[in-house]
Amino acid sequence: MKNELEMTLSSRRILTEPLAREQITALSGFADGLMRPDKCGEFEPIKTPFDPADISEPTQWLADAQGSFFYRKGRPAHVAGQMWNRTLPPTSRFPSPAFSNYWTGQFDGKWAVRVGIEKVEDFVSEMFRATDSDFALLTTEVDRKAKNQGPGYYSYRGFDLASGIPGLYWINWFSDELAGWLGLDGLPKELAESRRLPGGVSLKFCESPDRCRDIDVLQKQRVAIEWLGPNKFFDIREPDRKLDTPDW
């Protein structure tokens with residue numbers, strides 16, 4: 001993919017089999033199948049044809065402890081994603097992570113423009129509600145790497161919401177609980193467009209993702225983080241510092 005948009009969703013909702021089925025169904029059914037996969041798999045390489053009429057196997061992949069569901073649409077791919085069940089097996093000596101339901105997704109930039117960027121926004125917003133997430137983001141791959149990928153690292157850092165908020169991005173979604181803890185209601189209106197949603201709040205820092213690395217946008221995000229509390233947000237310049245978090 002080129003000029004990718006990236007999303008993540010962080011949820012505490014345990015992926016039982018019925019909820020795993022519900023989540024995959026929500027992906028498949030959005031906007032008459034706009035994001036419906038062609039291929040899926042439990043891991044890479046993705047080879048299994050996706051059949052929306054029979055998702056019993058994908059559901060089981062995702063419902064298993066430490067399970068996953070990978071998907072792709074288009075050739076070359078213009079939509080891809082990964083759902084992760086981070087729940088540990090019952091035999092584990094350690095507790096499962098608080099945010100055991102983690103979903104990442106990628107969208108080709110030209111395809112997103114062609115179908116309408118607002119469709120991608122609506123998709124993330126709807127999946128935020130469908131997964132009962134506490135936090136979600138949508139931004140460019142370049143923005144995400146700048147904020148969460150340090151020198152010498154190939155994977156993102158600061159992604160676990162239990163350890164702090166990963167950052168502020170083009171568009172951000174917060175559950176009512178997280179928004180209340182942050183005090184989002186009092187955030188100055190000139191910093192970001194705030195929108196009430198069923199069960200949460202979204203913050204959008206500019207109209208187009210093409211502008212999300214502009215100096216004025218980054219400055220607004222820095223000011224917002226200072227206002228909300230810098231000790232609550234991951235900072236790639238100090239990736240190992242301990243952050244303040246809600247009592248999840």
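Described below are features of the structure shown in this document. Everything quoted here is computed from the prediction, not taken from an experiment.

What to know about the sheet that holds strand β3 (residues 48-49)
Item 1. Strands sit in the order β3-β2-β4-β5-β6-β1-β7-β8-β10-β9 across an open sheet of 10 strands; the sheet is antiparallel. In this open sheet, the two strands that pair with only one neighbour each are β3 and β9 (193-197).
Item 2. Inspection of the sheet shows strand β1 (residues 5-11) paired to strand β7 (residues 133-140) by 7 bridges, in the antiparallel sense. What sits directly across from Leu9, in β7, is Ala136.
Item 3. Contacts from helix α4 (residues 117-130) reach β1, β6 (101-107), β7, β8 (171-175), β9 and β10 (200-204), with the element oriented near 160 degrees to β7.

Describing the pattern of salt bridges
Think of it this way: side chains of opposite charge can pair up when their charged atoms draw near.
Item 1. Tallying each qualifying case throughout the model produces 15 salt bridges.
Item 2. For Asp216, the salt bridge identified is with Arg211, shortest N-O distance 2.7 Å.
Item 3. Exposure remark for Asp216: the relative accessible area of 37% places this residue in the partly exposed category.
Item 4. Its relative accessible area of 34% is what places Arg211 among the partly exposed residues.
Item 5. Through salt bridges with shared partners, one network takes in Arg12, Asp134 and Glu177.

A few points about the side chain of Ser28
Item 1. Its location among the elements puts Ser28 in helix α1 (residues 17-29).
Item 2. Residue classification places Ser28 among the buried positions, given a relative accessible area of 7%.
Item 3. Reaching out from Ser28, the side chain makes a polar contact with the side chain of Arg36 at a distance of 2.8 Å.

Overview of the nonpolar core
Item 1. Residues Met35, Phe69, Phe107, Phe123 and Leu138 are the most contacted members of the largest nonpolar core, which totals 62 residues.
Item 2. Looking at which element gives the most residues to this core, the answer is α4, with 6 residues.
Item 3. For Phe107, the residues in contact, after removing those within four places along its chain, are Met1, Asn3, Glu4, Leu5, Met7, Met35, His78, Val79, Val120, Phe123 and Leu138.

Parameters and conventions
- Residues numbered from 1 in each chain as written.
- Predicted model: local features only at pLDDT ≥ 70, side-chain atom pairs only at ≥ 80, totals over all residues.
- Heavy atoms only, no water.
- Pairing = 2+ DSSP bridges.
- Helix = DSSP H or I, 4+ residues; strand = E, 2+ residues; numbered from the N terminus.
- Contact = heavy atoms within 4.5 Å.
- Axes fitted to C-alpha atoms, helices over the stretch in contact; angles between N-to-C directions.
- Salt bridge = Lys/Arg side-chain N within 4 Å of Asp/Glu carboxyl O.
- Buried < 20%, exposed > 50% of the residue type's maximum accessible area, 1.4 Å probe, protein only.
- Polar contact = N/O pair within 3.5 Å; in protein donor to acceptor, adjacent residues only side chain to side chain.
- Core = buried A, V, L, I, M, F, W, Y, C linked by side-chain atoms within 4.5 Å.

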